[in-house]
Amino acid sequence: MSDIETALWWARRDLRVHDNYALTHAARAGECLPVYVFDPETYGEREYGGPASFAFEKTGARRARFVAESVADLRESLRDAGSDLALAHEDPARAISRIADAVDADVVYCERYPTPEEHAVRERVREALPEGTRLEPRWGSTLYHPEDLPMPVEDVPDTFTPFRQDVEHAPDCEPRDPLGEPGLPGVPSALADGDLDAGTLPDPSDLGVADASDWDAVAPTDERAVLPFDGGESRGLERVREYVWQRDRLRQYKDTRNGLLGADYSSKFSPWLNLGCLSPRYVHREVQAYERERVSNDSTYWLGFELLWRDFFQFQFAKHGSQHFRREGIRERENIQWTGNDRLLDAWKRGETGIPFVDANMRELNATGFMSNRGRQNVASFLANNCRVDWRKGAAYFETRLVDYDPAANYGNWAYQSQVGNDGRDSYCNVVKQAKQYDADADYVKRWCPALRDLPPEYAHEPWKLTPDEQEAHGVVLGEDYPEPVINLDASYGKLR
Ligand SMILES: Cc1cc2nc3c(=O)[nH]c(=O)nc-3n(C[C@H](O)[C@H](O)[C@H](O)COP(=O)(O)OP(=O)(O)OC[C@H]3O[C@@H](n4cnc5c(N)ncnc54)[C@H](O)[C@@H]3O)c2cc1C
């Protein structure tokens, strides 16, 4: 046994070198080995638990690519810093215990998450560790550290506004300063000597997400995509520089954030934040610097406001745990008649509901892995409230497709839109009204539903209002060129009022 302490840094969804508590702690050891494990349970078809269970693909190829790129980028940064990143593709409990054993690790540092699956994996890893190796989880994924909140997480209010007001008004509640990049000690000799294999990046076909032997083959190629969304800390930091400093878009964020078209109506930080390529505290510090150097206004405040929404859902999951994944939600609503209508669900997934604003958004998601916040609210409300399809099937579809999927943000927002979550009111989106408000010229629906391109905007949002003769005249016959609506939208609102 050597006197030098050996640490593993088990990188999870914190794929960055800057402002990383777990890595910074691990780097204080005499030897430190960073490790990333591709967990086979995270890929392929999985059962959604409970009595009304259903199968869905847990990670689609787009997010898998984002993960693979982020891991590759991290490995490069660590190698540049004189360290490395060992890779494995197996059960994390087996992989971490095997590697801990091989390097005779004293301690494993990792990020701590509030969501049940992530918690369960961590505890399995803890149980499998060789005797004498301890696990030290560190919290680092939120803007505010839970210990700095003005209330214990069990008492975080279930609605956002009181939570925000408590946080904003508490005198000592501030985001912590981001940590710099730690100096990294050498890697354990087992890796340096070649006794332990550093491992290689799996291909899409190894993970079972696509029949392709390299990641470029699963890159989104649709030129209508808002951004290419390349994974990795380097690209995440670049996006912050680009959005905040070079393109100076933060100053109008509050006015543009409900947009639908283009790279800059909102920050698009979410994929990097959720995989930990970007620290929310780093983003916050950049916003503060921008406020000092350029302008401090409603828009600069509002980006922090949205990051607080992100925190809110994380703390909600810390408080309520798996209750959030139940169909009845944290409001325990037993009085909603959900249907198991797969015809409606399939039409919704394909972007073939005949409601253009819903279809355009779903087609964007399918083609690119991204959808705006305004779009997400509307398609979720449509499926859950107008169609009354079990909202968890919609949320699970988002889980597969979204490049920025996060369990707390996704299921929390879905439950919220479906009237079972963090909102006491039974609010829902009036899809056509919102379409006309946020897509007044119908440019967005026409981009994703080209069959509607020759319609005047008001009809592009409600093509079912055209008579058969008008349909002929505009070259869009419903049922041939574009689907008939799958439900009577007006009648469906009647049931909600
Ligand atoms: C049904 C539904 C599902 C969603 N699923 C996810 C998800 O899986 N992952 C995810 O990150 N966001 C999710 N959101 C929230 C929101 O739509 C995205 O965070 C946002 O669209 C990402 O784009 P942006 O980075 O440009 O956001 P910006 O408008 O630039 O906001 C900045 C950051 O604030 C955070 N944020 C903003 N709005 C929310 C919100 N409502 N809830 C939580 N965080 C927020 C995000 O981290 C975002 O990157 C969902 C919203 C809905 C309605």
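Note that the coordinates shown come from a computational prediction; the quantities given were computed from them, not determined experimentally. (Residues numbered from 1 in each chain as written. Predicted model: local features only at pLDDT ≥ 70, side-chain atom pairs only at ≥ 80, totals over all residues. Heavy atoms only, no water.)

## Observations regarding the overall build of the protein chain
Piece 1. On a plain count of helices and strands, the protein chain comes out with 22 helices and seven strands.
Piece 2. Overall, the C-alpha framework of the protein chain stretches about 85 × 50 × 45 Å when taken along its three principal axes.
Piece 3. Counting all 497 residues of the protein chain, 60% fall into the buried class.
Piece 4. Residue pairs in contact within the protein chain that sit at least 24 positions apart in sequence constitute 75% of those at least 6 positions apart.
Piece 5. For the protein chain, the distance from the average site of its 60 positive side-chain charges to the average site of its 88 negative ones is 5 Å. (Helix = DSSP H or I, 4+ residues; strand = E, 2+ residues; numbered from the N terminus. Buried < 20%, exposed > 50% of the residue type's maximum accessible area, 1.4 Å probe, protein only. Contact = heavy atoms within 4.5 Å. Lys, Arg positive; Asp, Glu negative; His and termini not counted. Charge placed at Lys NZ, Arg CZ, Asp CG, Glu CD.)

## With respect to the site of the ligand
Piece 1. Taken together, 27 residues are adjacent to the ligand, and Tyr 253, Ser 266, Ser 267, Lys 268 and Asn 274 come closest.
Piece 2. In this structure, Tyr 253 approaches the ligand through a side-chain N or O atom, which is 2.6 Å from an oxygen atom.
Piece 3. At 3.0 Å from a nitrogen atom of the ligand is found a side-chain nitrogen or oxygen belonging to Asn 413.
Piece 4. Relative to its unbound accessible area of 810 Å², the ligand is 97% covered by the protein chains. (Near = heavy atom within 4 Å. Polar contact = N/O pair within 3.5 Å; in protein donor to acceptor, adjacent residues only side chain to side chain. Areas by Shrake-Rupley, 256 points an atom, 1.4 Å probe, with all protein chains shown as cover.)

## Quick notes on the packing of aromatic side chains
Piece 1. For the structure on display, the rule yields 34 aromatic pairs.
Piece 2. Plain terms: the ring middles of Phe 54 and Phe 56 are 6.4 Å apart, the flat faces sit at 50 degrees to each other, and that makes the pair tilted.
Piece 3. On the basis of relative accessible area, Phe 54 is assigned to the buried category, the value being 12%.
Piece 4. One aromatic cluster is present, formed by Trp 139, Phe 160, Phe 163, Tyr 301, Trp 302, Phe 305, Trp 309, Phe 312, Phe 313, Phe 315 and Tyr 416 through successive ring pairs.
Piece 5. Sitting above the plane of the Tyr 113 ring, Arg 13 keeps its charged end 5.7 Å from the centroid.
Piece 6. The ring of Trp 302 has Lys 254 lying over it, and the distance from NZ or CZ to the ring centre is 4.6 Å. (Phe/Tyr/Trp six-rings, centres within 6.5 Å; stacked < 30°, edge-to-face > 60°. Lys NZ or Arg CZ within 6 Å of the ring centre and 35° of its normal.)

## Describing the packing of helix H5 (residues 160-169) against helix H12 (residues 298-320)
Piece 1. At a closest axis distance of 10 Å, the pairing of H5 and H12 adopts a crossing angle of 115 degrees. Between H5 and H12, the crossing angle belongs to the class labelled roughly perpendicular. Crossing hand, H5 versus H12: right-handed. Contacts from Phe 160, Phe 163, Arg 164, Val 167 and Glu 168 of H5 reach H12 at Tyr 301, Phe 305, Leu 308, Trp 309, Phe 312 and Phe 315.
Piece 2. Looking at the contact of H5 with H12 residue by residue, the classes come out as nine nonpolar, no polar and two charged. (Axes fitted to C-alpha atoms, helices over the stretch in contact; angles between N-to-C directions. Parallel < 35°, antiparallel > 145°, perpendicular 65-115°, else oblique. Left-handed = near helix turned anticlockwise from the far one by under 90°. Nonpolar A, V, L, I, M, F, W, Y, C, P; charged D, E, K, R; others polar.)

## Focus on the side chain of Arg 63
Piece 1. Take Arg 63: it is sitting in helix H2 (residues 61-80).
Piece 2. Within the buried set, Arg 63 has no salt-bridge partner at all; the shortest N-O distance to an opposite charge, 5.1 Å, is to Glu 399.
Piece 3. A polar contact is formed between the side chain of Arg 63 and the backbone oxygen of Lys 58, at a distance of 3.0 Å.
Piece 4. When neighbours within four sequence positions are excluded, Arg 63 is seen to be in contact with Lys 58, Glu 399, Thr 400, Leu 402, Val 403 and Tyr 405. (Salt bridge = Lys/Arg side-chain N within 4 Å of Asp/Glu carboxyl O.)

## A short note on the domain arrangement of the protein chain
Piece 1. If you check the domain split of the protein chain, you get domain 1 (1-140), domain 2 (141-176 + 231-320) and domain 3 (342-496).
Piece 2. Relative to domain 3, the C-alpha centre of domain 1 lies at a distance of 37 Å.
Piece 3. Each partner contributes to the interface: domain 1 provides 15 residues, whereas domain 3 provides 16 residues.
Piece 4. For the pair domain 1 and domain 3, the summed buried area comes to about 1,300 Å², and 54% of that belongs to carbon and sulfur atoms.
Piece 5. Counting every contact that joins domain 1 to domain 3 gives two salt bridges.
Piece 6. Asp 406 is the salt-bridge partner of Arg 13, the closest N and O atoms lying 2.7 Å from each other. (Domains from an automatic or database assignment. Buried area = accessible area lost by both parts, 1.4 Å probe.)

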